[in-house]
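Spelled out from the first residue to the last, the chains are:
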Amino acid sequence: MAELKEIADTLARLYWSRPANEAETVAMAGEMERDSAAIAPPREGQGNVFFAIEPSTYYALMAKEAEA
Amino acid sequence: MSKLHPQSLAEAASLIRTGEVTSLSLTQAAIERAKTSQPRINAFIAIEEDAALAAAEAADRWKSGGKPLGPLHGVPLAHKDMYDRKGMVTGCGSKIRAGHVATSTSTVMQRLEAAGAISIGRLNMSEFAMGPTGHNAHHGRAKNPIDPERITGGSSSGSGSAVGAGVVLAALGSDTGGSIRLPAACCGVVGIKPTQGRVSRHGAMPLSFSQDCIGPLGAHVDDAYSLLRIISGADPLDPTCATLPPPDDLSADVSALRIGVLGGVFAKDVEAVVAGGLGAAMMALEPHVAAIRQATPSDLSTVAELANVVAMGEAGAAHFDWVRERPEDYGPQIRMRLSQSLAMPAPIYIRALQMRSLLLAEFLETAFSEADVLIAPVMPFLPPRSADVDIGASPEMNRIVSAMTMFTRPFSYLGLPVVTMPVAVSPEGLPVAIQIIGRPWREAQIACLASRLEHELSLKPFVPQVAPLAQSA
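Residues numbered from 1 in each chain as written. Chains lettered and ligands numbered in written order. Predicted model: local features only at pLDDT ≥ 70, side-chain atom pairs only at ≥ 80, totals over all residues. Heavy atoms only, no water.

Visitor: When you look at the sheet that holds strand S9 (residues 373–377) of chain B in this model, what are you seeing that I'm missing?
Guide: Strand pairing in a sheet is mediated by backbone hydrogen bonds. Such pairs are either parallel or antiparallel. Residue and element names in this part refer to chain B. Here we have 11 strands laid out as an open sheet, ordered S1-S3-S2-S4-S6-S5-S10-S11-S9-S7-S8, and mixed in their pairing. A single partner strand is all that each edge strand has here, and the edge strands are strand S1 (44–47) and strand S8 (291–295). Strand-to-strand twist of the sheet, defined as the mean angle between neighbouring strand axes without regard to direction, takes the value 30°. Note that S1 and strand S3 (residues 118–123) share 3 bridges and pair antiparallel. When the sheet's bridge partners are listed, Ile47 is paired in S3 with Gly121. (Pairing = 2+ DSSP bridges. Helix = DSSP H or I, 4+ residues; strand = E, 2+ residues; numbered from the N terminus. Axes fitted to C-alpha atoms, helices over the stretch in contact; angles between N-to-C directions.)

Visitor: Got a minute to help me understand the interface of chain B and chain A in this structure?
Guide: When the parts come together, some accessible area is lost, and that loss is often what is quoted as the size of the interface. Tallying the contact residues gives 44 residues for chain B and 33 residues for chain A. At the boundary of chain B and chain A, one finds 4 salt bridges. Salt-bridge contacts for Arg439 of chain B lead to Glu65 of chain A; the nearest nitrogen and oxygen are separated by 2.8 Å. Remark: the boundary between chain B and chain A carries 11 residue pairs in polar contact (both at pLDDT 80 or more). Counting only elements with at least two residues in the side of chain B that touches chain A, the list comes to helix H9 (303–318), helix H10 (320–325), helix H11 (332–339), helix H12 (346–366) and helix H15 (409–414) of chain B. With 14 residues, the top contributor of residues to the side of chain B that touches chain A is H12 of chain B. Grouping the amino acids of the side of chain B that touches chain A by side-chain chemistry returns 25 nonpolar, 11 polar and 8 charged. (Contact = heavy atoms within 4.5 Å. Salt bridge = Lys/Arg side-chain N within 4 Å of Asp/Glu carboxyl O. Polar contact = N/O pair within 3.5 Å; in protein donor to acceptor, adjacent residues only side chain to side chain. Nonpolar A, V, L, I, M, F, W, Y, C, P; charged D, E, K, R; others polar.)

Visitor: Whenever I open this one, the layout of surface pockets confuses me. Can you help?
Guide: To locate leftover empty space, one rolls a probe as large as a water molecule over the atoms. All names here are of chain B. Of the pockets and cavities examined, the largest pocket occupies roughly 500 Å³. The wall of the largest pocket is formed by 32 residues, among which Gly188, Val189, Ala219, His220 and Pro461 lie closest to the centre. Contributions of two or more residues to the lining of the largest pocket are made by helix H2 (23–41), helix H5 (157–164), strand S10 (418–425) and helix H16 (443–457). With 3 residues, H2 is the single largest residue contributor to the lining of the largest pocket. In terms of residue class, the lining of the largest pocket is made up of 21 nonpolar, 8 polar and 3 charged. In this structure, the second largest pocket encloses a volume near 380 Å³. (1 Å grid on protein atoms, 1.4 Å probe; cavity = no way out; pocket = protein on both sides within 12 Å on 5 of 7 lines; lining within 4 Å. Points joined across faces, edges and corners; volume = space filled by probe spheres on them.)

Visitor: Sorry, what's going on with the pattern of salt bridges here?
Guide: Note on pairing: side chains with opposite charge can pair once their charged atoms come close. Residue and element names in this part refer to chain A. Applying the stated rule across the entire model yields 25 salt bridges over all chains. The closest approach of N and O atoms between Glu22 and Lys5, which form a salt bridge, is 2.7 Å. Separated by 17 residues along the polypeptide, Glu22 in helix H2 (residues 22–38) and Lys5 in helix H1 (residues 2–16) bring together distant segments of the chain. Taking relative accessible area as the criterion, Glu22 reaches 49% and is therefore assigned partly exposed. (Buried < 20%, exposed > 50% of the residue type's maximum accessible area, 1.4 Å probe, protein only.)

Visitor: What is the right way to look at the confidence of the model for chain B in this model?
Guide: For any part of a model where pLDDT is low, the fine detail of the predicted coordinates should not be relied upon. Considering every residue of chain B, the mean pLDDT works out to 94; 97% of them sit at 70 or more. Taken over the whole predicted complex, pTM reads 0.96, whereas the ipTM for its chain interfaces reads 0.95. (pLDDT = per-residue confidence, 0-100.)

Visitor: What exactly am I supposed to notice about the pairing of strand S7 (residues 258–262) of chain B here?
Guide: Each regular strand carries side chains that alternate between the two faces of the sheet. All names here are of chain B. With 4 of its 5 residues buried, S7 lies for the most part within the structure. Of the pairings in the sheet, the one linking S7 to S8 comprises 5 bridges and is parallel in character. Opposite Arg258, over in S8, you have Ala291 as the bridge partner. Once the chain exits S7 it traverses helix H8 (residues 272–285) before rejoining the sheet at S8, and the crossover so formed is right-handed. Note: S7 against S9, 3 bridges, orientation parallel. Its bridge partner being in S9, Val261 is matched across the sheet by Ile375. (Right-handed = clockwise from strand over helix to strand, strands pointing away.)

Visitor: So what exactly am I meant to see when it comes to empty space enclosed by the protein here?
Guide: Residues and elements named next belong to chain B. This model, assessed by the stated rule, comprises 7 cavities of 30 Å³ or more. Put simply, the largest cavity is a space of about 180 Å³. Surrounding the largest cavity, 19 residues form its lining, Thr176, Gly177, Ser179, Arg337 and Arg409 being those nearest its centre. Contributing elements (two or more residues each) for the lining of the largest cavity: H9 and helix H14 (397–405). A breakdown of the residues in the lining of the largest cavity according to their chemical character gives 9 nonpolar, 8 polar and 2 charged.

The structure is reproduced here in structure tokens:
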């Protein structure tokens, strides 16, 4: 956590040109912990299954539902 | 009930149309209710008395001239403090926008004005619509009219409170992770989160471009749905708005509908009173539909985090310069939540968007495989006490947000339409509410089912309505 808080403060100084307060560093560190566990790992054990999936695929699916 | 306190939008509009009441008298009565209730429930950020009375007088002159009347001609409403109206403040429940005067009118407000509705003021909300509890560091929290020690839910806190207290019959809110559904559930009223893209967001404050939905809260299904039909429809000013016509009316037959009660994560750790209320509602519904069975959702275990990445990533972008330059002007909790966006690498945010299409396809294939409509609780518990969830910028913030939005966020992320309605009363007199979830664009179907269920249950209003004025119209 200490390392992540340091990363958080560095990000703040770089992009916000100010230090992060304690609540912000805790929040950012927590975000990094959660996302690295929940989103970063490959889906269902398959490598790079998202290589050719565009986010706009979602809207195509919604448009198809409108036609149904 | 007094003619100055009609019990439905249809009744209010009819009373004005037939001349039994004037818009001025109805609007004066609504403003009086707003003022009387304000010390107790803090539903309003601003009661706009002069503007509302001027609009009501204009409405009465219009009618006297024999001109055509819109479906809500002269009816007083109020809306969440996030919709631009030309020349008026849109404060977004914030300090940063407290004095922001809009230079044009949002599409939804234009449509309500074209329908003849009057706005009596700006309703309280979580700052910048971020917060499922309804707390606001600048304006104080709106309070639950059923029990002021309980939360209203957020972020459309004032909308839930004002409609729940009978100050107005309906109000617009907005929903990105549960912000219409939670206040509706906590305050014992109906809320509708439409399909992603159903309603134009032109002129509305943004939170998450991919998940924001504008929708109504109302005392009854009819009232909420009437508002939805008025505000829906294509808008060339919002390229994300579907070019579909507004949804159909509530005349469809529900007897052929197959109902799926969601299990899995939606049945885990649900308090007995909530499960019992849902069960009783299904028993009431059963004679009127084709079938009610358990529905198994696809794996939604990562949806909470995916939805949060999308929401906070996009909110962080919208607020980037303010967070950098004037962070002290945010409430501590909002500042904390917005900071999360800086810790999201671009591939993580984009992956969260990529997964949306996969998870939507899976959900439609599994949960809707043998059901036309799905049912789930809104929350696994009753409306919490304010003191238990007023944690400011505590590290517990994420846990509280996750607990409150556990059952609502998945449908925001997937973009599905949801009607929320009360179905039971707990021993403490608190509402138990359910979500009625449809496939994309099926607002009419779920609203018809909700209307049927509302008729079968015939729940009494949760609070004694604010006392009406004397009988002069």
